[in-house]
Amino acid sequence: MSEISTNYTFNSIGSYLKKRMGCKVVKLSIDGGFTCPNRDGSKGTGGCIFCSASGSGDLASDIPSQIQLLSRKWPNARYLAYFQSHTNTYAPVSQLRRQYSEALEHPGVLGLAIATRPDCLPDDVLDLLEEFNQKTFLWVELGLQSMHEKTAALINRCYPLSVYDKAVADLTSRGIRVVTHLIFGLPGETREDMLQSVKYVCRDLHSGSLQNNVHEVSRIFGIKLHMLNLVRGSQMETLYPDYTSFSSIEEYVDLVISALEIIPPEITIHRLSGDAPRPTLIAPEWSYKKRTILNSIHNTLRQRKTWQGAKL
């Protein structure tokens, strides 16, 4: 066991960015107008069954609107342009280059966060991401959700685990930071299934090399833990209309604590719950209480005198 903090906490991405950038950094949730191969028929239709019509970007918009909104709360913050909605590498490289470049031209934008699918990283896109990674702060988010192939088939993910593994290898070999998404509470998964997915994505990786120097990559850069929300407009609303992923905040918090205890301390924590806009949320009916859930996680860590990586 290796303690990283006497405050019984975790390595939050907010703290990481403030230390690295020297200021408060917030993400601008952008809808870049992309679609998804799991929607347009090239891989599947309808998307993953949990996904909303907005492609998990219900609050995304454009950069000026996001800055106007967020500057009220954080007037002195700087920004990361977060391409969130749908699959943000699923377009010709010329279009991606233009949109990424335009985002970086906005005053106060310090870097890029790009959400995508592991099966949407062809060589020319990897080359482009490597190019941007060399001139700005960048990470790429991969929506794995679960390591289990049975679950992948049930949620209509439309790619096998091996594709995720290759994407992580391709990105990390170029020195590009990887953030992996996992969803807790998918239909049919047990507590142990979910924790197995956490262990899998946090495993040691092989080191990669960059041109003219060596870049050691031991693990993914970050992890996002989502709570499954049943939302209006998703396939789940029809397939599982009465489904509730967790019966109480306490049940979910207990699982998150167990997950944090097996996540290596150097991995940044980008999310610990998954909130949906109240007008679209069906269940769990309490999941919109983001502050309550996060406060409960912090309080439970202190009560149990535990921390990220405590059980490694």
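Presented here is an overview of the structure given in this document. Model, not experiment: these values are computed from the prediction.

Brief notes about unusual backbone geometry
(1) Moving on: With an omega of -5 degrees, the peptide bond running from Ala283 to Pro284 counts as cis.
(2) Moving on: Position of Pro284 among the secondary structure elements: in the loop between strand S11 (281-283) and helix H10 (290-304).
(3) Moving on: With a phi close to 60 degrees, His86 is a non-glycine residue in the positive phi region.
(4) Moving on: Residue placement: His86 occurs in the loop between strand S2 (78-83) and helix H3 (93-104).

Notes on the pattern of salt bridges
(1) Moving on: Per the counting criterion, the structure on display carries 17 salt bridges.
(2) Moving on: Note that Glu131 is salt-bridged to Lys135, the shortest N-O span being 3.8 Å.
(3) Moving on: Here Glu131 falls in the partly exposed class, since its relative accessible area comes to 28%.
(4) Moving on: Of the charged contacts, one joins Asp254 and Arg191 as a salt bridge, the two residues approaching to 3.0 Å between their closest N and O atoms.

Things to note about the packing of helix H9 (residues 249-260) against H10
(1) Moving on: At their nearest, the axes of H9 and H10 sit 10 Å apart, and the two run at 55 degrees to each other. On the basis of their axis angle, the class for H9 and H10 is oblique. Once H9 is placed against H10, the crossing between them reads as right-handed. For the pair H9 and H10, the contacting residues are Ile249, Tyr252, Val253, Asp254, Val256, Ile257 and Leu260 in the first and Thr292, Ile293, Ser296, Ile297, Thr300, Leu301 and Arg304 in the second.
(2) Moving on: In terms of residue class, the contact of H9 with H10 is built from nine nonpolar, three polar and two charged.

Here's the deal with a positive patch on the surface
(1) Moving on: On the surface, Lys18, Lys24, Lys73, Lys290 and Arg291 cluster together into a patch of positive charge.
(2) Moving on: Structurally, the position occupied by Lys24 is in the loop between helix H1 (13-21) and strand S1 (25-30).

How each quantity is defined
- Residues numbered from 1 in each chain as written.
- Predicted model: local features only at pLDDT ≥ 70, side-chain atom pairs only at ≥ 80, totals over all residues.
- Heavy atoms only, no water.
- Helix = DSSP H or I, 4+ residues; strand = E, 2+ residues; numbered from the N terminus.
- Salt bridge = Lys/Arg side-chain N within 4 Å of Asp/Glu carboxyl O.
- Buried < 20%, exposed > 50% of the residue type's maximum accessible area, 1.4 Å probe, protein only.
- Axes fitted to C-alpha atoms, helices over the stretch in contact; angles between N-to-C directions.
- Parallel < 35°, antiparallel > 145°, perpendicular 65-115°, else oblique.
- Left-handed = near helix turned anticlockwise from the far one by under 90°.
- Contact = heavy atoms within 4.5 Å.
- Nonpolar A, V, L, I, M, F, W, Y, C, P; charged D, E, K, R; others polar.
- Patch = residues over 30% accessible without salt bridge, like charges linked within 9 Å, V, L, I, M, F, W, Y side chains within 5 Å.
- Areas by Shrake-Rupley, 256 points an atom, 1.4 Å probe, with all protein chains shown as cover.
- Lys, Arg positive; Asp, Glu negative; His and termini not counted.
- Charge placed at Lys NZ, Arg CZ, Asp CG, Glu CD.

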